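Letter by letter, the chains look like this.
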Amino acid sequence: MLFMCAGFAACEDDEKGENETTPPGNNDIVETPDDDTSNPGEYFETTAELFLEYFNANDQKAVLTLLDDFIQEYGDYDIEIEENRSSAKPLYAYVKKTHKAINTGNYSRASSSDVWKFADFTGIYEPNDRTWCWERTGNSDALIFKFSHRGASCEFKISASSDKYTIDIDSYESVEVPKTITTTLTEGNTTHLKSVFKSNYSSTGHTMSANLNLAIANLVFVSNIEGNDSKLSVSQSFTVGDKTLSTASATINGHNLCNRSAIENAIEDDDERALDNFFSDASGESDVLGRVQVKAEVNSLYAIVKAINDRDDAYEYYSNHDDEEQIEKKYAKAMNEAIKGSFYFARKNQKQGDVLFKAICEEDTWGGYTDTYWETYMVLQFNDGSNYTFEEYFGNGNFYSTESLFTNLIDSYKNILGID
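These numbers were taken from a predicted model, which means no experiment stands behind them.

Our next topic: the overall build of the chain. Looking only at helices and strands, the chain has eleven helices and 19 strands in total. Considering only residue pairs separated by 6 or more positions, the chain has 59% of its internal contacts joining residues 24 or more positions apart.

Okay, here's the thing in structure tokens:
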């Protein structure tokens, strides 16, 4: 039912998004004198080396240190809430999510699109070490958390625009959502993080839009989403310093994608087959340094959901590694039938290989004991039959936008409405 929820979340407010996803840095093809696209393995390895050269752990060291220390110091603190004010998840959850986003390369997860509920209890909060809680110490139009870190004054601030749109949660309750949410994290005079999230949502116009501009240290992630009854689309870019390393886009086509009553009826009936009626096909494309392009076509979104559900159901009854191997191989086969992917070099149309799902046996060793397990990964298979996982080339999730085009699209929709 995941894609139904995505469609439900993709529809309200009449205005279209005014922001286009324009890479903030140079997006030209990165070339070297020794480039030889007739040697795919070597060309890919050079691309990976060039890609990783743009990353310097010291560039994000200060913000990671701050987040690490914050989690250790304030991880168990609650938020003091007055009786007439709404409750909210602890700031700790947002900090953990941002920390994980930086470490894994899944930067869209660090967006503040799911923290608009904080606007219900604006004010200034400071940690009280005696009660282990964030104590409200002053009034403000924004939600502000003040704390100190190694002698420096720090501030985590969420501010919301006065213009809002309304989401009907059910027949009795509705929520007002600010159209613009701005989040900043500062330490002394240094701004470690700033995100601006804009969204519109309309049940009458059957349209939605959302734009995220997120900067963490020298990393910039930009995402733009548009949706109507016939199409949902997202475009993204990831920039380090003054160079855009990757761009990605995904589109889902269908019917009644923003027809709320039709989607609600399908959810009420628990009708997974309704995916075939709502969603017809999907496509995605990603570009890394202008050197490598990955393209994907999806012929059945229902088949993807079914493969995931079948895999989860099978694990409820498996008993040994042989069962695990068969489950993962069956899942990989189903995903390969539903998704057709291929990759290209230097923005040219000559296919260099395919993107496939592959069940792989992994090993974990500790204390002289080795444990094996099966997991399914996306792999790059060259025309000569050799294949490599994305992790082997790019490591640490830094190729995440290519690995998860459709997942990012769905996650972004879910975040707008706070759907878990």
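Here we come to helix α2 (residues 40-53). Compared with an ideal rise of 1.5 Å per residue, which puts 14 residues at 20 Å, α2 spans 20 Å between its outermost C-alpha atoms and is within 8% of the ideal. Those residues of α2 not exposed but buried are Y43, F44, T47, A48, L50 and F51. The arc enclosing the buried residues of α2, seen along the axis, measures out at 165°, which places them on a common side. For α2, the exposed residues set more than 90 degrees away from the buried face come down to E49 and E53.

Below, the discussion takes up the pattern of salt bridges. When their charged atoms lie close together, side chains carrying opposite charge are able to pair. According to the stated counting rule, one finds nine salt bridges in the structure shown. With a shortest N-O distance of 2.9 Å, R311 and E375 are connected by a salt bridge. In this pair, R311 sits in helix α7 (residues 301-315) while E375 sits in strand β18 (residues 369-382), placing the two residues 64 residues apart along the sequence. The residue K329 makes a salt bridge to E325 at a minimum N-O spacing of 2.7 Å. Residue K329 and its partner E325 are both found in helix α8 (residues 321-338); the two are separated by four residues, about one turn of the helix. With relative accessibility at 39%, the residue K329 sits in the partly exposed group.

This part is about the nonpolar core. Residues Y74, Y125, W134, F145, F147, L185 and L214 are the most contacted members of the largest nonpolar core, which totals 33 residues. In this structure, L257, V298, L301 and I339 belong to the second largest nonpolar core, which totals 20 residues.

What follows is about a negative patch on the surface. Negative charge collects at one region of the surface, where D34, D36, E42, E45, E49 and E53 lie side by side. Checked against the element boundaries, E53 lands in helix α2.

The full count for this structure, using the stated rule, is 19 aromatic pairs. Measuring from centroid to centroid gives 4.4 Å for Y43 and F345, while their planes differ by 45°, and the two rings are tilted. A residue pair is termed long-range when its members are at least 10 positions apart, and Y43 in helix α2 and F345 in strand β16 (residues 339-345) qualify at 302 residues. For the pair formed by Y43 and F345, the shared burial category is buried. The interplanar angle of 75° and the centroid separation of 5.9 Å between the aromatic rings of F44 and F345 together place this pair among those described as edge-to-face. Here the residue F44 occupies a position in helix α2, and F345 occupies one in strand β16, the gap between them amounting to 301 residues. Following the ring pairs from residue to residue traces out a cluster consisting of F70, Y74, Y77, Y125, W132, W134, F145, F147 and F156. Directly above the ring of Y43 sits R291, whose terminal nitrogen or CZ lies 4.2 Å from the centroid.

Counting through the fold element by element, H192 comes out in strand β9 (residues 190-202). At 2.7 Å, the side chain of H192 forms a polar contact with the side chain of E187. Discounting residues that sit within four places of it in the chain, H192 has contacts with A62, V63, L66, L185, T186, E187, A215, I216 and A217.

A few words on the packing of α7 against α8. With their axes 9 Å apart at the nearest point, α7 and α8 run at an angle of 175° to one another. Relative to α8, α7 is oriented roughly antiparallel. For the pair α7 and α8, contact is made by A303, I304, A307, I308, R311, A314 and Y315 and by E324, I327, E328, Y331, A334, M335 and A338, respectively. Taken together, the residues of the contact of α7 with α8 break down into eleven nonpolar, no polar and three charged.

What follows is about the pairing of strand β8 (residues 180-187). Buried residues dominate β8, accounting for eight of its eight residues. Neither face of β8 is open: one carries T180, T182, T184 and T186, the other I181, T183, L185 and E187, and all of them are buried. Pairing of strand β5 (residues 152-160) with β8, which is carried by seven bridges, proceeds in the antiparallel orientation. Pairing of K157 across the sheet is with T184, part of β8. Hairpin connection, β8 to β9: the antiparallel pair is bridged by two residues, and G188 has positive phi, about 60°.

With that settled, the discussion passes to the side chain of T184. Tracing the chain through its elements places T184 in strand β8. With near-sequence residues (within four places) excluded, T184 lies in contact with E155, F156, K157, L193 and K194.

Right, let's talk about α7 for a bit. Under the 1.5 Å per step criterion, the end-to-end length of α7 is 22 Å for 15 residues, consistent within 8% with the ideal 21 Å. For α7, every residue scored as buried is listed here: L301, Y302, I304, V305, A307 and R311.

Summarising the element assignment, C154 is placed in strand β5. Sequence spacing of C154 and T186 is 32 residues, and the spatial spacing of their C-alpha atoms is 5.5 Å. Filtering out sequence-adjacent residues up to four positions away, C154 remains in contact with L66, F145, K146, F147, S148, H149, T186 and E187.

A large share of strand β12 (residues 231-240) lies buried, amounting to eight of its ten residues. One ladder, built from nine bridges, connects strand β11 (residues 219-227) with β12; its direction is antiparallel. Across the sheet, V220 pairs through a bridge with T239, a residue of β12. In this antiparallel pair of consecutive strands, β11 and β12, the connection spans three residues.

At A346, a position not held by glycine, the phi torsion is positive, near 55°. Counting through the fold element by element, A346 comes out in the loop between β16 and β17 (351-366). Phi is positive for R347, close to 60°, though the residue is something other than glycine. Tracing the chain through its elements places R347 in the loop between β16 and β17. Relative accessible area serves as the criterion here: at 38%, R347 is assigned to the partly exposed category.

Calculation criteria
- Residues numbered from 1 in each chain as written.
- Predicted model: local features only at pLDDT ≥ 70, side-chain atom pairs only at ≥ 80, totals over all residues.
- Heavy atoms only, no water.
- Helix = DSSP H or I, 4+ residues; strand = E, 2+ residues; numbered from the N terminus.
- Contact = heavy atoms within 4.5 Å.
- Expected span 1.5 Å × (residues − 1).
- Buried < 20%, exposed > 50% of the residue type's maximum accessible area, 1.4 Å probe, protein only.
- Arc of directions from axis to C-beta.
- Salt bridge = Lys/Arg side-chain N within 4 Å of Asp/Glu carboxyl O.
- Core = buried A, V, L, I, M, F, W, Y, C linked by side-chain atoms within 4.5 Å.
- Patch = residues over 30% accessible without salt bridge, like charges linked within 9 Å, V, L, I, M, F, W, Y side chains within 5 Å.
- Areas by Shrake-Rupley, 256 points an atom, 1.4 Å probe, with all protein chains shown as cover.
- Lys, Arg positive; Asp, Glu negative; His and termini not counted.
- Charge placed at Lys NZ, Arg CZ, Asp CG, Glu CD.
- Phe/Tyr/Trp six-rings, centres within 6.5 Å; stacked < 30°, edge-to-face > 60°.
- Lys NZ or Arg CZ within 6 Å of the ring centre and 35° of its normal.
- Polar contact = N/O pair within 3.5 Å; in protein donor to acceptor, adjacent residues only side chain to side chain.
- Axes fitted to C-alpha atoms, helices over the stretch in contact; angles between N-to-C directions.
- Parallel < 35°, antiparallel > 145°, perpendicular 65-115°, else oblique.
- Nonpolar A, V, L, I, M, F, W, Y, C, P; charged D, E, K, R; others polar.
- Pairing = 2+ DSSP bridges.

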